[in-house]
Amino acid sequence: MSTRAGTHRAAASSRWAAAAERRLMPASWLRAVFRQWPLLLVLAVIAVGTVIVADNHFRRGTSIIAGGICLAVVLRAVLPSGVAGLLKVRSRAIDLLTLGFLGAGTLIASLIVPPPS
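Cut-offs applied
- Residues numbered from 1 in each chain as written.
- Predicted model: local features only at pLDDT ≥ 70, side-chain atom pairs only at ≥ 80, totals over all residues.
- Heavy atoms only, no water.
- Helix = DSSP H or I, 4+ residues; strand = E, 2+ residues; numbered from the N terminus.
- Buried < 20%, exposed > 50% of the residue type's maximum accessible area, 1.4 Å probe, protein only.
- Contact = heavy atoms within 4.5 Å.
- Expected span 1.5 Å × (residues − 1).
- Arc of directions from axis to C-beta.

A word on the overall build of the chain. Tallying secondary structure elements over the chain gives six helices and zero strands in all. Seen in sequence order, the chain has helices and strands lined up from the N terminus as α-α-α-α-α-α. Burial status across the chain gives 20% buried among its 117 residues. Taking the contacts inside the chain whose residues are at least 6 apart along the sequence as the reference set, 52% of them involve residues at least 24 apart.

Structure below.
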């Protein structure tokens, strides 16, 4: 093995080690989490709806969950792909159709299905 190849490997491994250390820092982890604010906002609305359903308000909570999914549709439609974060799964059209059907179906179910007695 030549000295140049060994030096190249050592430099590459130190770059990987430095990148791994940066990824484990709490500040960079928090920045990465808060970059996903569209998904966090949608999940917060859905969590509120779930708590309301658990509090025995079926129709109101399910409507809020449907509202959270519809919020995801609006955010995916309005935000650029770089900002949409984890709301971006496939192409914009497929994401909008999928979330739209899910949101509309959940809203219809919340209005049609009788609440448990």
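It is worth spelling out unusual backbone geometry at this point. At asparagine 56, a position not held by glycine, the phi torsion is positive, near 75°. Inspection of the secondary structure puts asparagine 56 in the loop between α3 (37-54) and α4 (58-78).

It is worth spelling out helix α6 (residues 92-112) at this point. Taking 1.5 Å as the rise per residue, α6 with 21 residues should run 30 Å; its terminal C-alpha atoms sit 30 Å apart, in good agreement. Taken residue by residue, α6 has Asp95, Leu99, Gly103, Thr106 and Ser110 as its buried positions. Buried residues in α6, looked at end-on, bunch into an arc of 65°, giving them a common side. Seen from the buried face of α6, the exposed residues on the opposite side, beyond 90 degrees, are Phe101, Leu111 and Ile112. In this structure, the buried residues of α6 make contact with α4.

Here we come to the environment of isoleucine 108. Of note, isoleucine 108 is situated in helix α6. The exposure class assigned to isoleucine 108 is partly exposed, which follows from its relative accessible area of 48%. In this structure the C-alpha to C-alpha distance between isoleucine 108 and alanine 66, which are 42 residues apart in sequence, comes to 8.9 Å.

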